[in-house]
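Listed below, chain by chain, are the residues.
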Amino acid sequence: MKRILFSLFLVLFSLGVEDALARRSDGGPKMVFERTAHDFGDVERKGGDLIAMFRFVNEGDVPLVIKKINKSCSCMTASYSRRPVLPGETGEIKIKYEPHKVEPGKFHKVIQIYTNESNKVKLVTIQGNSQDKKKK
């Protein structure tokens with residue numbers, strides 16, 4: 001029993017040391033957003049598409065590459081430059097939300113951004129409340 005506990009301790013300790021070394025390493029790209037959420041507020045469901053821009057800077061020391069973007073709904077599209085973002089430069093991700101494709105009501109959508117910045121996934125969100133136009 002003591003051997004099992006000691007082995008478990010060694011495994012967990014080595015994982016902690018590896019994680020600490022990875023965090024200590026400042027090299028590599030570093031995606032930093034100006035903001036990570038956008039609230040559209042109350043919007044008309046059939047009033048047209050909604051656009052949110054998420055700007056970021058590469059605060060790392062090597063070029064940042066966006067590998068892929070996953071969206072939580074087919075009611076959204078994401079567009080971004082496929083070119084690497086050099087250290088110190090800015091980039092942006094444009095999210096288009098199409099409220100007419102979903103039922104009216106409150107919405108909260110998540111966008112996952114995968115880059116060459118280690119194994120971190122960056123998240124940005126959009127939210128709001130789509131409403132059908134009231135009849136007079």
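Right above here is the structure, for reference.
Residues numbered from 1 in each chain as written. Predicted model: local features only at pLDDT ≥ 70, side-chain atom pairs only at ≥ 80, totals over all residues. Heavy atoms only, no water.

What about the overall build of the chain?
Here's step 1: Secondary structure summary: the chain contains one helix and eight strands in total.
Here's step 2: Along the chain, from the amino end to the carboxyl end, the secondary structure elements read α-β-β-β-β-β-β-β-β.
Here's step 3: Counting across all 136 residues of the chain, residues that qualify as buried make up 30%.
Here's step 4: Partitioning the intrachain contacts of the chain with sequence separation of at least 6 by distance along the chain shows that 67% fall at a separation of at least 24. (Helix = DSSP H or I, 4+ residues; strand = E, 2+ residues; numbered from the N terminus. Buried < 20%, exposed > 50% of the residue type's maximum accessible area, 1.4 Å probe, protein only. Contact = heavy atoms within 4.5 Å.)

Some details on the packing of aromatic side chains
Here's step 1: Applying the stated criterion across every chain, the model contains three aromatic pairs.
Here's step 2: Taking the centre distance of 6.5 Å and the plane angle of 40° together, the rings of F40 and F107 count as tilted. Placement of F40 in strand β2 (residues 37-44) and of F107 in strand β7 (residues 105-115) is noted, with a sequence separation of 67 residues between them. One exposure class covers both F40 and F107, and it is buried.
Here's step 3: Clustering of aromatic rings is evident, with ring pairs tying together F40, Y97 and F107.
Here's step 4: Positioned over the ring face of F54 is R35, at 5.1 Å from the centre of the ring.
Here's step 5: R82 extends its terminal NZ or CZ atom over the ring of Y80, reaching a point 4.0 Å from the ring centre. (Phe/Tyr/Trp six-rings, centres within 6.5 Å; stacked < 30°, edge-to-face > 60°. Lys NZ or Arg CZ within 6 Å of the ring centre and 35° of its normal.)

Things to note about the pairing of strand β6 (residues 90-97)
Here's step 1: Only one face of β6 is covered, namely the one carrying G91, I93, I95 and Y97; the face carrying T90, E92, K94 and K96 has none of its residues buried.
Here's step 2: Across eight bridges, strand β3 (residues 50-58) lies against β6 in antiparallel orientation. The residue of β6 that forms the bridge with I51 is K96.
Here's step 3: Relative to β6, strand β5 (residues 76-80) is paired through five bridges, and the arrangement is antiparallel. Looking at β6, one finds that T77 is bridged to K96. (Pairing = 2+ DSSP bridges.)

Concerning the sheet that holds β5
Here's step 1: With antiparallel pairing, the four strands of this open sheet are ordered in space as β1-β3-β6-β5. The open sheet terminates on both sides in strands that have one partner only, identified here as β1 (31-33) and β5. Taken pair by pair, the neighbouring strands of this sheet meet at an average axis angle of 30°, ignoring direction. (Axes fitted to C-alpha atoms, helices over the stretch in contact; angles between N-to-C directions.)

Some points on the environment of G28
Here's step 1: With respect to the secondary-structure elements, G28 resides in the loop between α1 (2-24) and β1.
Here's step 2: With 32 residues separating them in the primary sequence, G28 and G60 have C-alpha atoms 5.5 Å apart.
Here's step 3: The residues touching G28, leaving out its near neighbours within four places in the chain, are G60, D61 and V62.

Overview of the sheet that holds β7
Here's step 1: Taken together, the four strands give an open sheet; going across it, the order is β2-β8-β7-β4, and neighbouring strands pair in mixed fashion. Looking at which strands have only one partner, the edges of the open sheet turn out to be β2 and β4 (66-71). Averaged over all pairs of adjacent strands, the angle between their axes in this sheet comes to 20°, without regard to strand direction.
Here's step 2: Summarising the sheet, β2 and strand β8 (residues 121-131) pair through six bridges and their orientation is parallel. Bridge assignment links D39 to a residue of β8, and that residue is Q127.

Focus on the side chain of E98
Here's step 1: Residue placement: E98 occurs in the loop between β6 and β7.
Here's step 2: For E98, a relative accessible area of 11% translates into the label buried.
Here's step 3: E98 has contacts with D49 and C75, leaving out every residue within four places of it along the chain.

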